[in-house]
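Working through the structure, step by step
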Amino acid sequence: MPGLLRGVARTAVVAGTATAVSNRVSRRQAGRWAQQDATAAQDAAPQAPPPAAAPGSSTDDTITQLQKLAALKEQGVLTEAEFATQKAKILGA
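Residues numbered from 1 in each chain as written. Predicted model: local features only at pLDDT ≥ 70, side-chain atom pairs only at ≥ 80, totals over all residues. Heavy atoms only, no water.

Side note on the confidence of the model for the protein chain
- Chain-level statistics for the protein chain give a pLDDT mean of 80 and a share of 82% at 70 or above.
- Summarising per-element confidence for the protein chain, the mean pLDDT is lowest in helix α1 (residues 2-43) (81) and highest in helix α3 (residues 80-91) (89). (pLDDT = per-residue confidence, 0-100. Helix = DSSP H or I, 4+ residues; strand = E, 2+ residues; numbered from the N terminus.)

As structure tokens, then:
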């Protein structure tokens, strides 16, 4: 019986330590991410929108601009709303 209690106690100590360490790591990561977000928000300067396509531009130019715009959206640079606005400007709608 003493061996069983010792094993249960050891398991409880290991589990408690692992939980405490895991919680501390999670809090530190959350703090770092919050700090990075705050720094990124401060560093981000308002960007001018890309120039609109000229009414007489060729279809190839329009397709190229739309592909570049889609790439920016996929990279997370543009939000869905920004993407839709710029797409409308390019298409002249």
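A word on the packing of aromatic side chains
- The tally for this structure, following the rule as stated, stands at 0 aromatic pairs.
- Residue placement shows Lys73 over the ring face of Phe83; its charged tip is 5.1 Å from the ring centre. (Phe/Tyr/Trp six-rings, centres within 6.5 Å; stacked < 30°, edge-to-face > 60°. Lys NZ or Arg CZ within 6 Å of the ring centre and 35° of its normal.)

Thoughts on a positive patch on the surface
- A cluster of like positive charges, contributed by Arg24, Arg27, Arg28 and Arg32, occupies part of the molecular surface.
- Mapped onto the fold, Arg32 is located in helix α1. (Patch = residues over 30% accessible without salt bridge, like charges linked within 9 Å, V, L, I, M, F, W, Y side chains within 5 Å. Areas by Shrake-Rupley, 256 points an atom, 1.4 Å probe, with all protein chains shown as cover. Salt bridge = Lys/Arg side-chain N within 4 Å of Asp/Glu carboxyl O. Lys, Arg positive; Asp, Glu negative; His and termini not counted. Charge placed at Lys NZ, Arg CZ, Asp CG, Glu CD.)

A word on the packing of helix α2 (residues 59-74) against α3
- At a minimum axis separation of 10 Å, α2 and α3 run at an interaxial angle of 175°. Classified by the interaxial angle, the pair formed by α2 and α3 is roughly antiparallel. Here Thr62, Gln65, Leu66, Leu69, Ala70 and Lys73 of α2 come into contact with α3, specifically with Glu80, Phe83, Gln86, Lys87, Ile90 and Leu91.
- Of the residues that constitute the contact of α2 with α3, the class distribution is 6 nonpolar, 3 polar and 3 charged. (Axes fitted to C-alpha atoms, helices over the stretch in contact; angles between N-to-C directions. Parallel < 35°, antiparallel > 145°, perpendicular 65-115°, else oblique. Contact = heavy atoms within 4.5 Å. Nonpolar A, V, L, I, M, F, W, Y, C, P; charged D, E, K, R; others polar.)

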